[in-house]
Amino acid sequence: MAYDDEKEEIEREIIKESEDFRLFSSELGRIMFSSPVLREETESLRTRLDDIRKRRKEEEKKLSIMKETVSSYEERKARKEVLEGLIEKSKDEIKELSVRLGAAIYEQCSFSIPDKTVFAVVYSDLAEDNRLEESSSSPFMRILNHGKAALRKMGRDSRYASYASIALSSSAELEGNAFALKGQIEDIQKGEAEMAAERDALLASLESDSDSYREMVRTSIAESTSVIEKLGKSEEEAEAEIGRFFFDRGGDWIDETTPQEALDSVEKMLLSANRTEELRKNLDKLERAAKRDEYNALIESEEGKIKVLEEDKARLDAEIEEMKAEIARLRREIDKLGGDDDL
(Lines give C-alpha, C1' and ligand atoms only; values in the text may rest on other atoms or scores of the structure.)
Protein backbone atom coordinates (compact mmCIF):
# COMPACT_ATOMS: atom_id res chain seq x y z
CA MET A 1 0.00 0.00 0.00
CA ALA A 2 1.35 3.47 -0.93
CA TYR A 3 2.33 5.74 1.95
CA ASP A 4 -0.54 8.20 1.40
CA ASP A 5 -3.12 5.39 1.19
CA GLU A 6 -1.78 3.71 4.32
CA LYS A 7 -1.68 7.01 6.19
CA GLU A 8 -5.27 7.80 5.13
CA GLU A 9 -6.47 4.36 6.27
CA ILE A 10 -4.87 4.75 9.72
CA GLU A 11 -6.31 8.26 10.12
CA ARG A 12 -9.80 6.91 9.26
CA GLU A 13 -9.39 4.20 11.90
CA ILE A 14 -8.28 6.79 14.47
CA ILE A 15 -11.35 8.93 13.74
CA LYS A 16 -13.63 5.88 14.08
CA GLU A 17 -11.95 4.82 17.30
CA SER A 18 -12.25 8.36 18.69
CA GLU A 19 -15.98 8.32 17.92
CA ASP A 20 -16.35 4.93 19.61
CA PHE A 21 -14.50 6.25 22.67
CA ARG A 22 -16.84 9.24 22.78
CA LEU A 23 -19.90 6.97 22.59
CA PHE A 24 -18.52 4.71 25.35
CA SER A 25 -17.80 7.85 27.42
CA SER A 26 -21.42 9.00 26.97
CA GLU A 27 -22.59 5.55 28.01
CA LEU A 28 -20.50 5.67 31.20
CA GLY A 29 -21.66 9.24 31.87
CA ARG A 30 -25.34 8.18 31.67
CA ILE A 31 -24.65 5.27 34.02
CA MET A 32 -22.81 7.37 36.59
CA PHE A 33 -25.02 10.49 36.38
CA SER A 34 -27.26 9.41 39.27
CA SER A 35 -24.50 7.67 41.22
CA PRO A 36 -23.44 9.18 44.57
CA VAL A 37 -19.82 8.34 43.68
CA LEU A 38 -17.59 11.43 43.45
CA ARG A 39 -20.71 13.59 43.70
CA GLU A 40 -18.90 16.71 44.91
CA GLU A 41 -16.13 16.46 42.29
CA THR A 42 -18.63 16.14 39.42
CA GLU A 43 -21.37 18.45 40.68
CA SER A 44 -20.83 21.13 38.05
CA LEU A 45 -20.73 18.53 35.26
CA ARG A 46 -23.95 16.89 36.50
CA THR A 47 -25.67 20.27 36.86
CA ARG A 48 -24.77 21.19 33.28
CA LEU A 49 -26.10 17.87 31.98
CA ASP A 50 -29.29 18.19 34.03
CA ASP A 51 -29.91 21.70 32.65
CA ILE A 52 -29.43 20.49 29.05
CA ARG A 53 -31.84 17.60 29.62
CA LYS A 54 -34.49 19.91 31.07
CA ARG A 55 -34.17 22.32 28.13
CA ARG A 56 -34.41 19.45 25.65
CA LYS A 57 -37.55 18.07 27.34
CA GLU A 58 -39.16 21.52 27.28
CA GLU A 59 -38.31 21.92 23.61
CA GLU A 60 -39.61 18.42 22.81
CA LYS A 61 -42.86 19.23 24.62
CA LYS A 62 -43.20 22.45 22.64
CA LEU A 63 -42.48 20.60 19.39
CA SER A 64 -45.04 17.94 20.29
CA ILE A 65 -47.70 20.60 20.84
CA MET A 66 -46.84 22.24 17.50
CA LYS A 67 -47.02 18.90 15.69
CA GLU A 68 -50.37 18.14 17.34
CA THR A 69 -51.63 21.56 16.27
CA VAL A 70 -50.47 21.01 12.70
CA SER A 71 -51.95 17.50 12.69
CA SER A 72 -55.25 18.84 14.03
CA TYR A 73 -55.30 21.54 11.35
CA GLU A 74 -54.63 19.04 8.58
CA GLU A 75 -57.22 16.61 9.95
CA ARG A 76 -59.82 19.39 10.07
CA LYS A 77 -58.88 20.45 6.56
CA ALA A 78 -59.20 16.87 5.30
CA ARG A 79 -62.55 16.50 7.07
CA LYS A 80 -63.79 19.75 5.53
CA GLU A 81 -62.85 18.50 2.06
CA VAL A 82 -64.63 15.20 2.71
CA LEU A 83 -67.73 17.06 3.87
CA GLU A 84 -67.69 19.29 0.81
CA GLY A 85 -67.60 16.17 -1.36
CA LEU A 86 -70.46 14.59 0.57
CA ILE A 87 -72.51 17.79 0.42
CA GLU A 88 -72.00 17.98 -3.34
CA LYS A 89 -73.04 14.34 -3.62
CA SER A 90 -76.15 15.06 -1.52
CA LYS A 91 -77.08 17.94 -3.79
CA ASP A 92 -76.83 15.65 -6.81
CA GLU A 93 -78.97 13.04 -5.07
CA ILE A 94 -81.56 15.66 -4.09
CA LYS A 95 -81.59 16.98 -7.65
CA GLU A 96 -82.19 13.49 -9.05
CA LEU A 97 -84.86 12.63 -6.44
CA SER A 98 -86.57 16.02 -6.93
CA VAL A 99 -87.08 15.26 -10.61
CA ARG A 100 -88.54 11.89 -9.69
CA LEU A 101 -90.71 13.45 -6.98
CA GLY A 102 -91.96 16.12 -9.37
CA ALA A 103 -92.78 13.44 -11.95
CA ALA A 104 -94.70 11.49 -9.32
CA ILE A 105 -96.64 14.61 -8.27
CA TYR A 106 -97.41 15.38 -11.92
CA GLU A 107 -98.72 11.85 -12.41
CA GLN A 108 -100.85 12.02 -9.24
CA CYS A 109 -102.24 15.39 -10.32
CA SER A 110 -103.49 13.69 -13.47
CA PHE A 111 -105.69 11.68 -11.11
CA SER A 112 -106.55 14.82 -9.04
CA ILE A 113 -105.01 13.36 -5.88
CA PRO A 114 -102.74 16.19 -4.55
CA ASP A 115 -104.18 19.41 -3.08
CA LYS A 116 -105.31 21.62 -5.98
CA THR A 117 -104.53 24.84 -4.12
CA VAL A 118 -100.99 23.92 -3.11
CA PHE A 119 -100.17 22.36 -6.48
CA ALA A 120 -102.13 24.80 -8.64
CA VAL A 121 -99.15 25.34 -10.95
CA VAL A 122 -98.90 21.58 -11.55
CA TYR A 123 -102.57 21.36 -12.45
CA SER A 124 -102.15 24.38 -14.73
CA ASP A 125 -99.17 22.77 -16.50
CA LEU A 126 -101.07 19.50 -16.79
CA ALA A 127 -104.01 21.27 -18.42
CA GLU A 128 -101.67 23.04 -20.84
CA ASP A 129 -99.93 19.78 -21.74
CA ASN A 130 -103.29 18.12 -22.36
CA ARG A 131 -104.41 21.01 -24.51
CA LEU A 132 -101.27 20.85 -26.63
CA GLU A 133 -101.70 17.13 -27.10
CA GLU A 134 -105.31 17.46 -28.23
CA SER A 135 -105.80 17.08 -31.96
CA SER A 136 -106.75 20.20 -33.88
CA SER A 137 -108.68 20.52 -37.10
CA SER A 138 -106.18 23.03 -38.34
CA PRO A 139 -102.92 21.55 -39.65
CA PHE A 140 -101.12 24.76 -38.75
CA MET A 141 -102.34 24.55 -35.13
CA ARG A 142 -101.36 20.91 -34.93
CA ILE A 143 -97.84 21.75 -36.02
CA LEU A 144 -97.69 24.73 -33.67
CA ASN A 145 -98.98 22.74 -30.68
CA HIS A 146 -96.59 19.92 -31.48
CA GLY A 147 -93.69 22.37 -31.38
CA LYS A 148 -94.83 23.87 -28.10
CA ALA A 149 -95.22 20.41 -26.57
CA ALA A 150 -91.69 19.50 -27.65
CA LEU A 151 -90.31 22.64 -26.05
CA ARG A 152 -92.15 21.92 -22.82
CA LYS A 153 -90.73 18.39 -22.74
CA MET A 154 -87.23 19.83 -23.06
CA GLY A 155 -87.78 21.80 -19.82
CA ARG A 156 -89.66 18.99 -18.12
CA ASP A 157 -86.95 18.15 -15.51
CA SER A 158 -86.80 21.77 -14.46
CA ARG A 159 -90.60 21.86 -14.03
CA TYR A 160 -90.55 18.58 -12.08
CA ALA A 161 -87.89 20.00 -9.76
CA SER A 162 -90.09 23.07 -9.15
CA TYR A 163 -93.03 20.80 -8.26
CA ALA A 164 -90.80 18.99 -5.76
CA SER A 165 -89.77 22.34 -4.27
CA ILE A 166 -93.45 23.17 -3.68
CA ALA A 167 -94.01 19.80 -2.00
CA LEU A 168 -90.95 20.16 0.22
CA SER A 169 -91.88 23.68 1.34
CA SER A 170 -95.46 22.79 2.18
CA SER A 171 -97.20 20.40 4.55
CA ALA A 172 -99.50 19.10 1.83
CA GLU A 173 -100.02 15.39 2.03
CA LEU A 174 -98.73 13.10 -0.68
CA GLU A 175 -99.37 9.48 -1.35
CA GLY A 176 -97.48 6.40 -2.49
CA ASN A 177 -94.19 6.90 -4.30
CA ALA A 178 -94.36 10.70 -3.99
CA PHE A 179 -94.67 10.40 -0.20
CA ALA A 180 -91.65 8.06 -0.04
CA LEU A 181 -89.52 10.27 -2.32
CA LYS A 182 -90.33 13.36 -0.28
CA GLY A 183 -89.22 11.51 2.87
CA GLN A 184 -85.96 10.48 1.21
CA ILE A 185 -85.22 14.02 0.10
CA GLU A 186 -85.99 15.45 3.55
CA ASP A 187 -83.67 12.90 5.18
CA ILE A 188 -80.87 13.80 2.76
CA GLN A 189 -81.52 17.53 3.29
CA LYS A 190 -81.32 17.06 7.04
CA GLY A 191 -78.00 15.22 6.68
CA GLU A 192 -76.74 17.87 4.28
CA ALA A 193 -77.65 20.65 6.71
CA GLU A 194 -75.76 18.89 9.50
CA MET A 195 -72.72 18.39 7.27
CA ALA A 196 -72.87 22.01 6.12
CA ALA A 197 -72.97 23.20 9.74
CA GLU A 198 -69.96 21.02 10.57
CA ARG A 199 -68.14 22.22 7.45
CA ASP A 200 -68.81 25.88 8.29
CA ALA A 201 -67.52 25.38 11.85
CA LEU A 202 -64.39 23.69 10.49
CA LEU A 203 -63.90 26.45 7.94
CA ALA A 204 -64.12 29.10 10.66
CA SER A 205 -61.57 27.28 12.83
CA LEU A 206 -59.25 26.75 9.85
CA GLU A 207 -59.38 30.43 8.94
CA SER A 208 -58.69 31.33 12.58
CA ASP A 209 -55.65 29.02 12.76
CA SER A 210 -54.31 29.49 9.23
CA ASP A 211 -51.62 32.04 10.12
CA SER A 212 -50.24 30.03 13.04
CA TYR A 213 -50.38 26.86 10.94
CA ARG A 214 -48.37 28.42 8.12
CA GLU A 215 -45.82 29.80 10.58
CA MET A 216 -45.39 26.42 12.26
CA VAL A 217 -45.03 24.59 8.95
CA ARG A 218 -42.72 27.23 7.50
CA THR A 219 -40.28 27.88 10.36
CA SER A 220 -41.27 26.99 13.92
CA ILE A 221 -41.20 23.20 13.64
CA ALA A 222 -37.94 23.24 11.67
CA GLU A 223 -36.33 25.62 14.16
CA SER A 224 -37.50 23.59 17.16
CA THR A 225 -36.28 20.36 15.55
CA SER A 226 -32.90 21.96 14.94
CA VAL A 227 -32.70 23.17 18.56
CA ILE A 228 -33.55 19.66 19.83
CA GLU A 229 -30.86 18.13 17.61
CA LYS A 230 -28.27 20.59 18.95
CA LEU A 231 -29.37 19.98 22.53
CA GLY A 232 -29.16 16.23 21.89
CA LYS A 233 -25.55 16.63 20.76
CA SER A 234 -24.82 18.88 23.76
CA GLU A 235 -26.39 16.31 26.07
CA GLU A 236 -24.28 13.53 24.60
CA GLU A 237 -21.13 15.63 24.93
CA ALA A 238 -21.97 16.51 28.56
CA GLU A 239 -22.50 12.80 29.28
CA ALA A 240 -19.18 12.03 27.57
CA GLU A 241 -17.44 14.65 29.71
CA ILE A 242 -18.74 12.99 32.86
CA GLY A 243 -17.75 9.59 31.47
CA ARG A 244 -14.21 10.76 30.69
CA PHE A 245 -13.89 12.18 34.21
CA PHE A 246 -14.81 8.85 35.78
CA PHE A 247 -12.56 6.99 33.34
CA ASP A 248 -9.57 9.17 34.21
CA ARG A 249 -10.31 8.80 37.96
CA GLY A 250 -11.11 5.09 37.88
CA GLY A 251 -8.73 4.31 40.71
CA ASP A 252 -10.70 6.61 43.03
CA TRP A 253 -14.08 4.89 42.73
CA ILE A 254 -13.90 1.43 41.15
CA ASP A 255 -14.19 -1.33 43.77
CA GLU A 256 -16.12 -4.55 44.39
CA THR A 257 -19.41 -2.61 44.67
CA THR A 258 -19.11 -0.98 41.24
CA PRO A 259 -22.03 -1.96 38.94
CA GLN A 260 -21.08 -4.38 36.17
CA GLU A 261 -22.48 -2.10 33.48
CA ALA A 262 -20.11 0.66 34.61
CA LEU A 263 -17.18 -1.75 34.54
CA ASP A 264 -18.17 -2.88 31.04
CA SER A 265 -18.16 0.72 29.83
CA VAL A 266 -14.78 1.40 31.43
CA GLU A 267 -13.37 -1.72 29.79
CA LYS A 268 -14.67 -0.67 26.36
CA MET A 269 -13.17 2.80 26.85
CA LEU A 270 -9.85 1.27 27.88
CA LEU A 271 -9.75 -1.01 24.86
CA SER A 272 -10.64 1.89 22.57
CA ALA A 273 -8.00 4.16 24.15
CA ASN A 274 -5.34 1.45 23.77
CA ARG A 275 -6.35 0.84 20.19
CA THR A 276 -6.13 4.57 19.46
CA GLU A 277 -2.69 4.75 21.06
CA GLU A 278 -1.54 1.79 18.96
CA LEU A 279 -2.87 3.45 15.80
CA ARG A 280 -1.12 6.72 16.68
CA LYS A 281 2.14 4.86 17.20
CA ASN A 282 1.73 3.15 13.84
CA LEU A 283 1.00 6.51 12.25
CA ASP A 284 4.05 8.07 13.91
CA LYS A 285 6.19 5.14 12.75
CA LEU A 286 4.82 5.49 9.23
CA GLU A 287 5.44 9.25 9.22
CA ARG A 288 9.03 8.79 10.48
CA ALA A 289 9.67 6.15 7.83
CA ALA A 290 8.26 8.49 5.21
CA LYS A 291 10.45 11.31 6.52
CA ARG A 292 13.52 9.06 6.33
CA ASP A 293 12.60 8.18 2.75
CA GLU A 294 12.21 11.87 2.03
CA TYR A 295 15.64 12.71 3.51
CA ASN A 296 17.27 9.79 1.68
CA ALA A 297 15.74 11.03 -1.55
CA LEU A 298 17.14 14.52 -0.86
CA ILE A 299 20.56 13.09 -0.07
CA GLU A 300 20.50 11.03 -3.27
CA SER A 301 19.52 14.15 -5.20
CA GLU A 302 22.34 16.22 -3.64
CA GLU A 303 24.85 13.47 -4.27
CA GLY A 304 23.78 13.41 -7.89
CA LYS A 305 24.34 17.16 -8.09
CA ILE A 306 27.81 16.73 -6.52
CA LYS A 307 28.69 14.06 -9.07
CA VAL A 308 27.71 16.38 -11.87
CA LEU A 309 29.71 19.22 -10.35
CA GLU A 310 32.73 16.98 -9.85
CA GLU A 311 32.57 15.93 -13.50
CA ASP A 312 32.35 19.60 -14.47
CA LYS A 313 35.31 20.38 -12.16
CA ALA A 314 37.49 17.67 -13.77
CA ARG A 315 36.65 19.03 -17.20
CA LEU A 316 37.42 22.60 -16.11
CA ASP A 317 40.69 21.54 -14.45
CA ALA A 318 41.74 19.89 -17.71
CA GLU A 319 40.88 23.05 -19.62
CA ILE A 320 42.83 25.15 -17.11
CA GLU A 321 45.90 22.89 -17.50
CA GLU A 322 45.64 23.22 -21.26
CA MET A 323 45.45 27.02 -20.91
CA LYS A 324 48.47 27.04 -18.56
CA ALA A 325 50.45 24.90 -21.05
CA GLU A 326 49.53 27.28 -23.86
CA ILE A 327 50.65 30.25 -21.76
CA ALA A 328 53.97 28.50 -21.01
CA ARG A 329 54.49 27.79 -24.72
CA LEU A 330 53.80 31.40 -25.56
CA ARG A 331 56.27 32.57 -22.93
CA ARG A 332 58.91 30.29 -24.43
CA GLU A 333 58.27 31.81 -27.83
CA ILE A 334 58.74 35.26 -26.31
CA ASP A 335 62.04 34.18 -24.78
CA LYS A 336 63.21 32.98 -28.18
CA LEU A 337 62.57 36.38 -29.64
CA GLY A 338 64.96 37.95 -27.13
CA GLY A 339 64.72 41.23 -25.23
CA ASP A 340 63.87 44.72 -26.53
CA ASP A 341 67.64 45.57 -26.94
CA ASP A 342 68.03 42.99 -29.69
CA LEU A 343 65.53 44.76 -31.90
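Please refer to the structure placed before this passage.
## A look at the overall build of the chain
Here is step 1: Across its full length, the chain holds eight helices and zero strands.
Here is step 2: Along the chain, helices and strands appear, N-terminal first, in the series α-α-α-α-α-α-α-α.
Here is step 3: Here the C-alpha atoms of the chain give a radius of gyration of 53 Å, more than 25% beyond the 20 Å that 2.2 N^0.38 yields for 343 residues.
Here is step 4: For the C-alpha atoms alone, the extent of the chain along its principal axes is close to 175 × 95 × 35 Å.
Here is step 5: For the chain, the residues scored as buried account for 29% of the 343 residues in total.
Here is step 6: At a minimum sequence separation of 6, the contacts of the chain that also span at least 24 residues come to 79%.
Here is step 7: In the form shown here, the chain has an accessible surface area of approximately 23100 Å², with 53% of it arising from carbon and sulfur atoms.

## Let's talk about the packing of aromatic side chains
Here is step 1: Counting across every chain of the model gives seven aromatic pairs.
Here is step 2: Ring geometry for Phe246 versus Trp253: centroids 5.3 Å apart, planes at 85 degrees, classification edge-to-face. When sorted by exposure, Phe246 lands in the same class as Trp253, which is buried.
Here is step 3: Put simply, the rings of Tyr106, Tyr160 and Tyr163 touch in pairs and so form one group of aromatic residues.
Here is step 4: For Arg53, the ring lying beneath its charged end belongs to Phe33, and the centroid distance is 4.6 Å.

## A closer look at unusual backbone geometry
Here is step 1: Phi angles above zero are rare outside glycine, and Leu38 is one such case at about 50 degrees.
Here is step 2: Looking at the secondary structure, you find Leu38 in the loop between α1 (3–32) and α2 (43–109).

## What about the packing of α2 against helix α3 (residues 120–133)?
Here is step 1: At a minimum axis separation of 10 Å, α2 and α3 run at an interaxial angle of 70 degrees. Taken together, the axes of α2 and α3 lie roughly perpendicular to each other. Where α2 approaches α3, its residues Ile105, Tyr106 and Cys109 are matched on the opposing element by Val122, Tyr123, Leu126 and Asp129.
Here is step 2: Class assignment for the residues of the contact of α2 with α3 results in six nonpolar, no polar and one charged.

## Let's talk about helix α8 (residues 260–337)
Here is step 1: A rise of 1.5 Å per residue sets the reference length of α8, with its 78 residues, at 116 Å; its end C-alpha atoms lie 114 Å apart and thus fit the reference within 8%.
Here is step 2: Looking only at α8, the buried set comprises Ala262, Ser265, Val266, Met269, Ser272, Thr276, Leu279, Leu283, Leu286 and Ala290.
Here is step 3: Here the buried face of α8 lies against α1, α6 (176–248) and α7 (250–253).
Here is step 4: In the segment just after α8, Gly338 is the residue with positive phi, at about 80 degrees.

## Describing the side chain of Ser272
Here is step 1: Note that Ser272 resides in helix α8.
Here is step 2: A polar side-chain atom of Ser272 sits 3.1 Å from a polar atom in the side chain of Glu17.
Here is step 3: Not counting residues up to four positions away in its chain, the partners in contact with Ser272 are Glu17, Asp20, Phe21 and Phe24.

Reading guide: rules and limits
Residues numbered from 1 in each chain as written. Predicted model: local features only at pLDDT ≥ 70, side-chain atom pairs only at ≥ 80, totals over all residues. Heavy atoms only, no water. Helix = DSSP H or I, 4+ residues; strand = E, 2+ residues; numbered from the N terminus. Rg over C-alpha atoms; globule rule 2.2 N^0.38 Å. Buried < 20%, exposed > 50% of the residue type's maximum accessible area, 1.4 Å probe, protein only. Contact = heavy atoms within 4.5 Å. Areas by Shrake-Rupley, 256 points an atom, 1.4 Å probe, with all protein chains shown as cover. Phe/Tyr/Trp six-rings, centres within 6.5 Å; stacked < 30°, edge-to-face > 60°. Lys NZ or Arg CZ within 6 Å of the ring centre and 35° of its normal. Axes fitted to C-alpha atoms, helices over the stretch in contact; angles between N-to-C directions. Parallel < 35°, antiparallel > 145°, perpendicular 65-115°, else oblique. Nonpolar A, V, L, I, M, F, W, Y, C, P; charged D, E, K, R; others polar. Expected span 1.5 Å × (residues − 1). Polar contact = N/O pair within 3.5 Å; in protein donor to acceptor, adjacent residues only side chain to side chain.

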